[in-house]
Amino acid sequence: MKKLLLLLTSIVGLCLTSCDTAVNSGMDSSETSSAQTNISAVSSAEEPQTESLTETDSEEEKDIPKETEKQDNVSTRSDTLVIYFSRTGNTEKIAEYLIELTDADSYMIEAAVPYTDADIKYQDDNCRANKEQNDKSVRPEIANPIDSIDSYDTIFLGYPIWWGQEPRIIDTFLESYDFSDKTVIPFCTSASSGIATSEKNIADLVPIGNQLEGKRFPASATMDDVKEWVKMLPLNNEQSEVKLLISVNGQELTASFADSTAAKELAEKLKAEPVTVTLNEYGGFEKVGKLPWSLTRTDASTETEPCDIMLYQGNQMTIFYSSNSWSYTKLGHIENTTQEELKALFGEGDITVTLSLK
């Protein structure tokens, strides 16, 4: 009887073992793996990341060549930079036109202490801007200054005219970087004041590799206005690289040629030999004299600026030391000379000038 009971117990044990094996064998390796993965995921989400995982991530980042990333940045960077300060948005608009036309990079100068409307209220002698403009030593701090300008060859520098000059924050910027190997092209916005004084201030403040003639724009300036100016720059027009030399009262003035047929014809005429012209005083704002030949007229209604050189009636050259509105063909513009300097040099009455190429 005991033997029979032992035999039955063994048989039952074998059956249970077989059943358990059969149930487990019903889950394939993929389901097992999936179950293990799920468990592992839950555990991982609940536990803090280990040092070994952090080091692994760091190693993967190290596999990305830093040199390649830097080269990519350089390859997409322009060699031209438009830098501007704009309080009311007028200069910013011109800067945006320039950026689009030249495909340049850009940087906007912002004051660490922003200028309020009250700060630029010119009627108030005690306003912030008035005090700054009256003290050439003031250097307003710049917020978030650009790291470097070393990679740029050409820099457009834009600003509003405040009290006839560039804002002092422009001086802060100029003294913060090395422009000795840069081509700098100023541009400004103003209701009436010219750019000449600020151009001279900039040229005197820091060494600049090559400072080109700048341009004043009114608030109403359009994209086409900016485009016409850019086309005249030596960067785009080989003819503009030839300069007009004006000798008067023992001094020499340098002028850039305009992008006009008449200006090109004048340059061609002067290739042969210099020309002497007598200029008569007229109206208290210009000197005008007859050229030895006629040039092609492309007259347009123009509001002149001091230092503009215009063709009048096809055969007369006019040099302005003040402003006038009439129909002219532009011949050029005298560079790096203020209205006051030009007027003092010309004096009162008639003068004789000699025109040649530089």
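This report concerns the structure included in the present document. (Residues numbered from 1 in each chain as written. Predicted model: local features only at pLDDT ≥ 70, side-chain atom pairs only at ≥ 80, totals over all residues. Heavy atoms only, no water.)

What follows covers the pairing of strand 1 (residues 80-84). For strand 1, the buried fraction is high: five of the five residues fall into the buried class. Residues of strand 1 alternate between two faces, with Thr80, Val82 and Tyr84 on one and Leu81 and Ile83 on the opposite face, all of them buried. With five bridges joining them, strand 1 and strand 5 (residues 154-160) adopt parallel strand pairing. The residue of strand 5 that forms the bridge with Val82 is Phe156. Taken together, the four bridges between strand 1 and strand 2 (residues 105-108) define a ladder with parallel strand orientation. Paired with Tyr84 across the bridge in strand 2 is Met108. For the crossover from strand 1 across helix 5 (residues 90-102) to strand 2, the handedness is right-handed. (Buried < 20%, exposed > 50% of the residue type's maximum accessible area, 1.4 Å probe, protein only. Helix = DSSP H or I, 4+ residues; strand = E, 2+ residues; numbered from the N terminus. Pairing = 2+ DSSP bridges. Right-handed = clockwise from strand over helix to strand, strands pointing away.)

Right, let's get into the layout of surface pockets. Roughly 1000 Å³ of volume is contained in the largest pocket. No other element matches strand 16 (residues 325-334), which puts five residues into the lining of the largest pocket. Broken down by class, the residue content of the lining of the largest pocket amounts to 14 nonpolar, eleven polar and twelve charged. In this model, the second largest pocket occupies a volume close to 470 Å³. Along the wall of the second largest pocket there are 21 residues; nearest its centre are Pro160, Ile161, Trp162, Ser190 and Ala191. Here the lining of the second largest pocket is built from residues that sort into nine nonpolar, ten polar and two charged. (1 Å grid on protein atoms, 1.4 Å probe; cavity = no way out; pocket = protein on both sides within 12 Å on 5 of 7 lines; lining within 4 Å. Points joined across faces, edges and corners; volume = space filled by probe spheres on them. Nonpolar A, V, L, I, M, F, W, Y, C, P; charged D, E, K, R; others polar.)

The next thing to look at is the pairing of strand 6 (residues 179-189). In terms of burial, strand 6 is largely enclosed, as nine of its eleven residues are buried. In this fold, the crossover linking strand 5 to strand 6 by way of helix 7 (residues 168-174) has right-handed handedness. Bridge analysis of strand 6 against strand 7 (residues 208-211) gives three bridges, and the strand direction is parallel. When the bridges of strand 7 are listed, Phe179 appears paired with Ile208. Tracing the backbone out of strand 6, into helix 8 (residues 196-205) and back to the parallel element strand 7 gives a crossover that is right-handed.

Here we take up the environment of Ile246. Inspection of the secondary structure puts Ile246 in strand 9 (residues 243-248). Placed 109 residues apart in sequence, Ile246 and Leu355 show a C-alpha to C-alpha distance of 5.0 Å. When residues no more than four places from it in sequence are discounted, the contact partners of Ile246 are Gln251, Glu252, Leu253, Ala255, Ile309, Ile319, Ile334, Val353, Thr354 and Leu355. (Contact = heavy atoms within 4.5 Å.)

Moving on to the nonpolar core. Judged by nonpolar contacts, the single largest core of 32 residues is most densely connected at Ile246, Ile309, Met317, Ile319, Ile334, Val353 and Leu355. Counting residues per element, this core draws most heavily on helix 10 (residues 261-272), at five residues. For Ile309, the contacting residues outside a window of four places in its chain are Leu244, Ile246, Ala255, Met317, Thr318, Ile319, Lys330, Leu331, Gly332, His333 and Ile334. With 30 residues, the next largest nonpolar core counts Tyr115, Cys127, Ile155 and Tyr159 among its residues. (Core = buried A, V, L, I, M, F, W, Y, C linked by side-chain atoms within 4.5 Å.)

Taking 1.5 Å per residue, 13 residues should reach 18 Å; helix 5 reaches 19 Å between its end C-alpha atoms and fits that length. Inspection of helix 5 places Thr91, Ile94, Ala95 and Leu98 among the buried residues, and these make up the whole buried set. Take helix 5 and look down its axis: the buried residues cluster within an arc of 100°, on one side only. Against the buried residues of helix 5 lie strand 1, strand 5, strand 6, strand 8 (215-217) and helix 9 (223-232). Downstream of helix 5 by one or two residues, Asp103 has phi in the positive range, about 55°. (Expected span 1.5 Å × (residues − 1). Arc of directions from axis to C-beta.)

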